[in-house]
Amino acid sequence: MMPEPLRVRSLRRETADTFTVSLDVSDRPGGFPFQPGQFNMLYAFGVGEVAISISGDPARPGELLHTIRTVGSVTEALRRVGRGGRMGVRGPYGRPWPLEQARGLDVVVVAGGLGLAPLRSAILHLLRHREAYGRVSVLVGARTPEGLLYRRELDRWRADPRLKVLVTVDQAGPEWKGHVGVVPALLRDVEMEPSRTVALMCGPEVMMRFTVRELERQGVPDSRIHLSLERNMKCAVGFCGHCQLVPLFVCKDGPVLSYDRLRPFINLREV
Amino acid sequence: MASPLPPLEEHPFLRGLSPEQVKAIACDVREVSFPAGALLLREGDEAHSLFLLRSGRVSLELTVPGQGPRQLESLKAGDILGLSWLFPPYRWHLDARAVEPVEAFALGAACLRGPSPEHPVLEPALAMRLLRQLYERLERVRMQRLDVYEAAR
């Protein structure tokens, strides 16, 4: 439970309010192994701790990456740590994306806004083991073109014939030549065999609810729809109950949960 | 060489209808094409057609004074475009611009509304399909209106 101080190797701005931090794990034997979808608790010393997904390549444990949006005092303090400074890290925690169970099946990755960060490591895994999966589609949505994460990498993925990448934004001026509209609308252009498809999804919960509805309409089973949830996590190991969703602890049972487990609780107004 | 575009009765909007139903709905049909950048609809112009998009992509736009055109939604092959012909004063409410070269069927509105302009009667199959399209579009607009990415901050 003790955070390990790690030095900030580099800090890259992604959008106006989002940055990716690379932490130096060269002193750790074997680097920082993790599974796609897991998260770390990042500690801004003297300010507080926050759960942040690991967005790096799971095959490269020597590089520990987190993409962070500055939304409050802790994330703002993490941004201010800057290159050469240190932040505390404990983890990795949580249930990862079910990439082993998805082998042999079509995979649809659906990311909204910052939700692309925890899915980036899954996409990199799918690309590295591309022959093990059926058709792989990546759907990405953002509020505006300026809000899209990993723009260069998205362009690379779009040019990669092994992936079908569709990008949409909710609002755009005339200079944007891409798609305008909500993410679920992209599903119509995805080639998949619904009964043999696994969906991996992360983004605002309302977006995920609409997307789940569309996937269900198309015939994807609830047990193959996986959502990564964001909740107020404190201990990250299932003790404190801050992230509790009725019987589920999002930190320990999640953050990745299948929709058949989530269905009874996700729409409860009381939680 | 590009494969030929599917015929009218195979457009998703009409797929599954009987030849008689297709004939009743599409009693006045033209094949139209637009180069990239061209306007298919211009706000305020007479709304004369229902477009069934066959290829390309169209952007629905609204010009905001002082800000220029804002893109509201993209439509693509398989979608329908233009519903302002349903109700008086039969004027387009938005601009629609071809982002890529567009091929479409244009179904004449006068024919779609039926023989009596004062008492339009839509073919029931057409009415149901339009309702479904409108409902789906309403769902998308609701979600867009929630501004989920901003709300999630």
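These lines cover the structure that appears in this document, whether it is placed above or below.

### Examining the overall build of chain A
Now for step 1: Helix and strand counts for chain A come out as five helices and 15 strands.
Now for step 2: Seen along its three principal axes, the alpha-carbon backbone of chain A occupies a region of about 50 × 45 × 35 Å.
Now for step 3: A separation threshold of at least 6 residues defines the contact pool for chain A, and within that pool the share at least 24 residues apart is 70%.

### Describing the sheet that holds strand E1 (residues 29-34) of chain B
Paired through backbone hydrogen bonds, the strands of a sheet run either parallel or antiparallel to each other.
Residue and element names in this part refer to chain B.
Now for step 1: Ordered by their spatial adjacency, four strands build an open sheet running E1-E8-E3-E6, and the pairing between neighbours is antiparallel. In this open sheet, the two edge strands, each paired with only one partner strand, are E1 and strand E6 (80-81).
Now for step 2: Bridging between strand E3 (residues 49-55) and E6 involves two bridges; their strand directions are antiparallel. Bridging across to E6, phenylalanine 51 finds its partner in leucine 81.

### Brief notes about the nonpolar core
Now for step 1: Of all hydrophobic cores here, the largest spans 86 residues; its most connected members are Val109, Leu139, Ala199 and Leu200 of chain A.
Now for step 2: Per-element tally for this core: the top contributor is helix H2 (residues 116-128) of chain A, with six residues.
Now for step 3: The residues contacting valine 109 of chain A, other than those within four sequence positions of it, are Leu119, Ala122, Ile123, Ser137, Val138, Leu139 and Leu200 of chain A.
Now for step 4: By size, the runner-up hydrophobic cluster in this structure holds 28 residues, among which are Phe13, Leu41, Leu75 and Val99 of chain B.

### Considerations on the interface of chain B and chain A
Now for step 1: On the chain A side, the residues contacting the 19 residues of chain B number 21 residues.
Now for step 2: Looking at the side of chain B that touches chain A, the elements that each hand over two or more residues are strand E5 (68-76), helix H3 (124-146) and helix H4 (148-151) of chain B.
Now for step 3: Element by element, the count of residues in the side of chain B that touches chain A is highest for E5 of chain B, at seven residues.
Now for step 4: When grouped by side-chain class, the residues that make up the side of chain B that touches chain A number nine nonpolar, five polar and five charged.

### Looking at the sheet that holds strand E4 (residues 48-53) of chain A
Residue and element names in this part refer to chain A.
Now for step 1: Taken in spatial order, the six strands of this open sheet run E4-E3-E6-E1-E2-E5, and their pairing is antiparallel. What marks the edges here is a single partner per strand, and that holds for E4 and strand E5 (63-69). Across this sheet, the average inter-strand angle for adjacent strands is 40 degrees, counted without regard to direction.
Now for step 2: Summarising the sheet, strand E2 (residues 18-24) and E5 pair through seven bridges and their orientation is antiparallel. Residue phenylalanine 19 lies in a different strand from E5, and its bridge partner there is isoleucine 68.

### Observations concerning the environment of glutamate 193 of chain A
Now for step 1: Mapped onto the fold, glutamate 193 of chain A is located in the loop between strand E10 (179-180) and strand E11 (197-202).
Now for step 2: Residues glutamate 193 of chain A and arginine 135 of chain A lie 58 residues apart in sequence; the distance between their C-alpha atoms is 9.1 Å.

### A short note on the pairing of strand E8 (residues 102-108) of chain B
All names here are of chain B.
Now for step 1: Where E1 and E8 come together, six bridges link them in antiparallel fashion. Across the sheet, phenylalanine 34 pairs through a bridge with valine 102, a residue of E8.
Now for step 2: Two elements, E3 and E8, share six bridges in a ladder whose sense is antiparallel. Considered in E8, the bridge of leucine 52 is made with phenylalanine 105.

Calculation rules
- Residues numbered from 1 in each chain as written.
- Chains lettered and ligands numbered in written order.
- Predicted model: local features only at pLDDT ≥ 70, side-chain atom pairs only at ≥ 80, totals over all residues.
- Helix = DSSP H or I, 4+ residues; strand = E, 2+ residues; numbered from the N terminus.
- Contact = placed C-beta atoms within 7 Å.
- Pairing = 2+ DSSP bridges.
- Core = buried A, V, L, I, M, F, W, Y, C linked by C-beta atoms within 7 Å.
- Buried ≥ 20, exposed ≤ 12 C-beta atoms within 10 Å, placed from the backbone.
- Nonpolar A, V, L, I, M, F, W, Y, C, P; charged D, E, K, R; others polar.
- Axes fitted to C-alpha atoms, helices over the stretch in contact; angles between N-to-C directions.

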